[in-house]
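So you can see what is in the structure, the chains are spelled out below.
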Amino acid sequence: GAYVLQVKATDADDPTYGNSARVVYSILQGQPYFSIDPKTGVIRTALPNMDREVKEQYQVLIQAKDMGGQLGGLAGTTTVNITLTDVNDNPPRFPKSIFHLKVPESSHVGSAIGRIRAVDPDFGKNAEIEYSIVPGDGGNLFDITTDENTQEGVIKLKKPLDFETKKAYTFKVEASNLHLDHRFQSVGPFKDTATVKINVLDMDEPPVFSKPMYTMEVYEDTPVGTIIGAVTAQDLDAGSSSVRYFIDWKNDVDSYFTIDATEGTIATNELLDRESTAQYNFSIIASKVSNPLLTSKVNVIINVLDVNEFPPEISVPYETSVCENAKPGQVIQIVTAADKDLSPAGQRFSFRLSPEASNKPNFTVHDYRNNTAGIETRRNGYSRRQQELYFLPVVIEDSSYPVQSSTNTMTIRVCRCDSDGTILSCNMEAIFLPVGLSTGALIAILLCIVILLVIVVLYVALRRQKKKDTLMTSKEDIRDNVIHYDDEGGGEEDTQAFDIGALRNPKVIEDNKIRRDIKPDTLRFPRQRPPVEDNTDIRDFINQRLQENDVDPTAPPYDSLATYAYEGNGSVAESLSSIDSLTTEADQDYDYLSDWGPRFKILADMFGEEESYNPDKVT
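Residues numbered from 1 in each chain as written. Predicted model: local features only at pLDDT ≥ 70, side-chain atom pairs only at ≥ 80, totals over all residues. Heavy atoms only, no water.

In the nomenclature of an unreviewed UniProt entry, the protein chain corresponds to CAD12 protein from the organism Ciccaba nigrolineata. The UniProt entry for the protein chain carries the following text under Function (unreviewed entry): "Cadherins are calcium-dependent cell adhesion proteins. They preferentially interact with themselves in a homophilic manner in connecting cells; cadherins may thus contribute to the sorting of heterogeneous cell types." The record held by UniProt for the protein chain lists under Subcellular location (unreviewed entry) the comment "Cell membrane". (UniProt positions renumbered as here; feature names shortened; annotations may be inferred.)

1. A closer look at the overall build of the protein chain
When its secondary structure is counted, the protein chain shows five helices and 31 strands. Looking at the protein chain residue by residue over its 619 residues, the buried ones come to 32%. Restricting the contact set of the protein chain to residue pairs at least 6 apart, pairs at least 24 apart contribute 64%. For the protein chain, the exposed surface amounts to about 39700 Å²; the carbon and sulfur share of it is 53%. (Helix = DSSP H or I, 4+ residues; strand = E, 2+ residues; numbered from the N terminus. Buried < 20%, exposed > 50% of the residue type's maximum accessible area, 1.4 Å probe, protein only. Contact = heavy atoms within 4.5 Å. Areas by Shrake-Rupley, 256 points an atom, 1.4 Å probe, with all protein chains shown as cover.)

2. Remarks on a nonpolar patch on the surface
Side chains of Ile-445, Leu-446, Ile-449 and Leu-453 sit close together on the surface and give an oily, nonpolar patch of about 380 Å² of accessible area. As for its placement among the helices and strands, Leu-453 is situated in helix α2 (residues 439-471). (Patch = residues over 30% accessible without salt bridge, like charges linked within 9 Å, V, L, I, M, F, W, Y side chains within 5 Å. Salt bridge = Lys/Arg side-chain N within 4 Å of Asp/Glu carboxyl O.)

3. Quick look at the state of the cysteines
By the definition in use, this model includes two disulfides. Disulfide pairing is shown between Cys-323 and Cys-417; the S-S distance is 2.1 Å. Residues Cys-323 and Cys-417 share a disulfide whose torsion about the S-S bond is about -85°; that sign makes it left-handed. With Cys-323 in strand β24 (residues 319-323) and Cys-417 in strand β30 (residues 405-417), this residue pair connects regions lying 94 residues apart in the sequence. We classify Cys-323 as buried; its relative accessible area is 10%. (Disulfide = S-S within 2.5 Å.)

4. A look at the sheet that holds strand β16 (residues 227-230)
Spatial strand order, β16-β20-β19: three strands in an open sheet with antiparallel pairing. The open sheet is flanked by β16 and β19 (257-259), the only strands paired with a single partner. Between one strand axis and the next, the sheet turns by 25° as a mean value, whatever way the strands run. Sheet topology places β16 next to strand β20 (residues 265-268); three bridges connect them, and they run antiparallel. Along β20, the bridge assignment pairs Ala-230 with Thr-265. (Pairing = 2+ DSSP bridges. Axes fitted to C-alpha atoms, helices over the stretch in contact; angles between N-to-C directions.)

5. Describing the packing of aromatic side chains
This model, assessed by the stated rule, comprises 14 aromatic pairs. Measuring from ring centre to ring centre gives 5.6 Å for Phe-34 and Tyr-58, while their planes differ by 75°; the resulting arrangement is edge-to-face. With a gap of 24 residues between them, Phe-34 in strand β3 (residues 34-36) and Tyr-58 in strand β5 (residues 57-66) connect regions that are remote in the sequence. Each member of the pair Phe-34 and Tyr-58 is classed as buried. Where Phe-363 meets Tyr-390, the ring centres are 5.5 Å apart and the plane angle is 75°; that geometry is what we call edge-to-face. Taken together, the residues Phe-363 in strand β27 (residues 363-367) and Tyr-390 in strand β29 (residues 389-398) connect sequence positions 27 residues apart. Exposure remark for Phe-363: the relative accessible area of 3% places this residue in the buried category. (Phe/Tyr/Trp six-rings, centres within 6.5 Å; stacked < 30°, edge-to-face > 60°.)

6. Observations concerning the nonpolar core
Side chains of nonpolar character tend, in soluble globular proteins, to be buried together. Among the nonpolar cores identified, the biggest contains 24 residues, and Phe-94, Phe-142, Ile-155, Val-196 and Ile-198 are the most heavily contacted of them. Secondary-structure elements contributing two or more residues to this core are β7 (98-104), β8 (112-117), β9 (129-134), β10 (142-146), β11 (152-157), β12 (168-177) and β13 (191-201). Setting aside residues up to four positions removed in sequence, Ile-155 forms contacts with Leu-101, Ser-111, Ala-112, Ile-113, Gly-114, Ile-116, Phe-142, Asp-143, Ile-144, Phe-171 and Val-196. In this structure, Phe-209, Phe-257, Val-298 and Ile-302 belong to the second largest nonpolar core, which totals 22 residues. (Core = buried A, V, L, I, M, F, W, Y, C linked by side-chain atoms within 4.5 Å.)

7. Concerning the environment of Lys-55
Here Lys-55 is to be found in the loop between β4 (42-45) and β5. Residues Lys-55 and Leu-84 lie 29 residues apart in sequence; the distance between their C-alpha atoms is 8.0 Å.

8. Topic: unusual backbone geometry
Gln-31 connects to Pro-32 through a cis peptide bond whose omega is 5°. A positive phi angle, near 65°, is found at Asn-371, a position not held by glycine. Within the secondary structure, Asn-371 is located in the loop between β27 and β28 (372-377). Judged by relative accessible area, which is 22%, Asn-371 ranks as partly exposed.

9. Comments concerning helix α4 (residues 538-551)
Counted at 1.5 Å a residue, the expected span for α4 with its 14 residues is 20 Å, and the 20 Å between its end C-alpha atoms agrees. Those residues of α4 not exposed but buried are Phe-541, Arg-545 and Glu-548. All buried residues of α4 lie within an arc of 55° about the axis, which places them on one face of the element. Residues of α4 that are exposed and angled more than 90 degrees away from the buried face: Arg-539, Gln-547 and Val-551. (Expected span 1.5 Å × (residues − 1). Arc of directions from axis to C-beta.)

10. Quick word on the environment of Glu-263
Residue position: Glu-263 is located in the loop between β19 and β20. According to the relative accessible area criterion, Glu-263 is exposed, its value standing at 54%. If we ignore the near neighbours within four places in the chain, the residues touching Glu-263 are Val-231 and Tyr-245.

11. Let's talk about the pattern of salt bridges
A full pass over the atoms with the stated rule returns 13 salt bridges. With a shortest N-O distance of 3.1 Å, Arg-274 and Asp-306 are connected by a salt bridge. Highlighted residues: Arg-274 in the loop between β20 and β21 (279-288) and Asp-306 in the loop between β22 (295-305) and β23 (313-314), separated in sequence by 32 residues. Linked through salt bridges whose partners overlap, the residues forming this network are Arg-115, Asp-147 and Glu-152.

12. Considering the environment of Ala-9
Along the chain, Ala-9 falls in the loop between β1 (3-6) and β2 (23-29). Accessibility expressed as a relative area gives 28% for Ala-9, which makes it partly exposed.

13. Observations regarding the sheet that holds β5
One open sheet accounts for three strands, arranged β2-β5-β6; its pairing is antiparallel. Only two strands of the sheet have a single partner each, and these edge strands are β2 and β6 (75-83). The average angle at which neighbouring strand axes cross in this sheet is 30°, direction not considered. Pairing of β5 with β6, which is carried by nine bridges, proceeds in the antiparallel orientation.

Below is the structure:
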């Protein structure tokens, strides 16, 4: 009686004329599945629980026939194709109640180890099945998912299997419809269960270490060959095999240790230094003797324990200051200690003055018993002018074994402070502050001094270089030297102005052996000239003077010109020459030449003596 659809036929006859337009519906083909109302044409199901899984499509032949007319009962037919729509009215069913699976114990976690399937006669989404493991014994090692393409349940491994631990597992799997139709809940539960039994197959497995990781400790400087620990691995297979151990070499650090291949004991191979490396991390591999390809690996961590080998020291700073107006008992610095060793928990450091400084009344050390100490003053005031720096030896001792201690010297500088204890000046700058010189002024003064020193050094260097260049002479020929004299000559009498030794004949120089390039140190004596004889002509006179100058080392140079000629007509003294004189030399009075000055001294010497003069002999 479920409604399927309604058909309607039309008649072209006049509906007002008798029953010729009245239509009656009937089914010619389609019984006993469907029925039709003869007046309305409504088609309904004729059987209950029609099953799409039995038959999906039906063809129904419908006839429409009028009720009257002269021709009597005209009819028309049509075919209706009816397709059953699927509904979720069938639960899934396992084809069998128990599924048996065999799984190797070497199966990896997450891998699929088997498939099971429940059957649902529905179609499409109504046939989608969801699988789940019923909580119980053995089910916690496995998981199950649905293959969307085949609607199979895929069983996967959640944890590793071990044949030696457990050889079989049993659990139940439930299959249920993913999409339920509430109209058919009364039909029954839409799910089914089945039992899964898994047998674990024994496989040849690698050795198994007793721990997932090993941690060991060893003191630094432990002798080479000392055993510090051991690792253990076993073959858990039925036919147990012996195990061999070796270190997985990756870098040079692994060479600090060795392992016994049979026993698995680890020993030191080199001396260890915690300050260099505090921890070593490496791997050990275990392999089966029966099958060396089956190996397992474990991580080993070795912590190097510290040995108290370094004494504690004062942490920075090593220098502090004290005010000139400090009072006794004033704390000027808090000091702490640092230790290169790895300080254990509860490490304590003690502070005290060294014995040689205990009797000095300047400073003291107050140990606060909390790994710190205070440097305290013991005097009422300090003077920078008397002593600017104090050196305080402080002894620090640790509490480790063996006990280590060290003496650290602190430098205490005396500074000028105000009444509040604020430092105003320290170091050498304080000496200049009373005269009003600041730091900038001191720097400027020092900079000027440095510049002056540089100038003096450069000046001396240039003077030395110039003197060296001037005195450099040629050893082969002294006449190659050219000496410049820029001062003006003093006339005939200026015979001491310069030396003409460089212009003279080298042969004469060799005979004379007198320096010509410097002024002679010996006293000059006036040259003794032979008296001029009477009737000596000018040529002989000039030659005589020329010879004198050639052999005289004190004579003026060649570029000095001595002129013996006639005096000009414009001279006040008139002619000084005896040439063309009308009178004889005896008639002349040459004494006045001595009154004319040094320029006429030579002429005065020549003509001052009473000598006879014969003008006929003059040429």
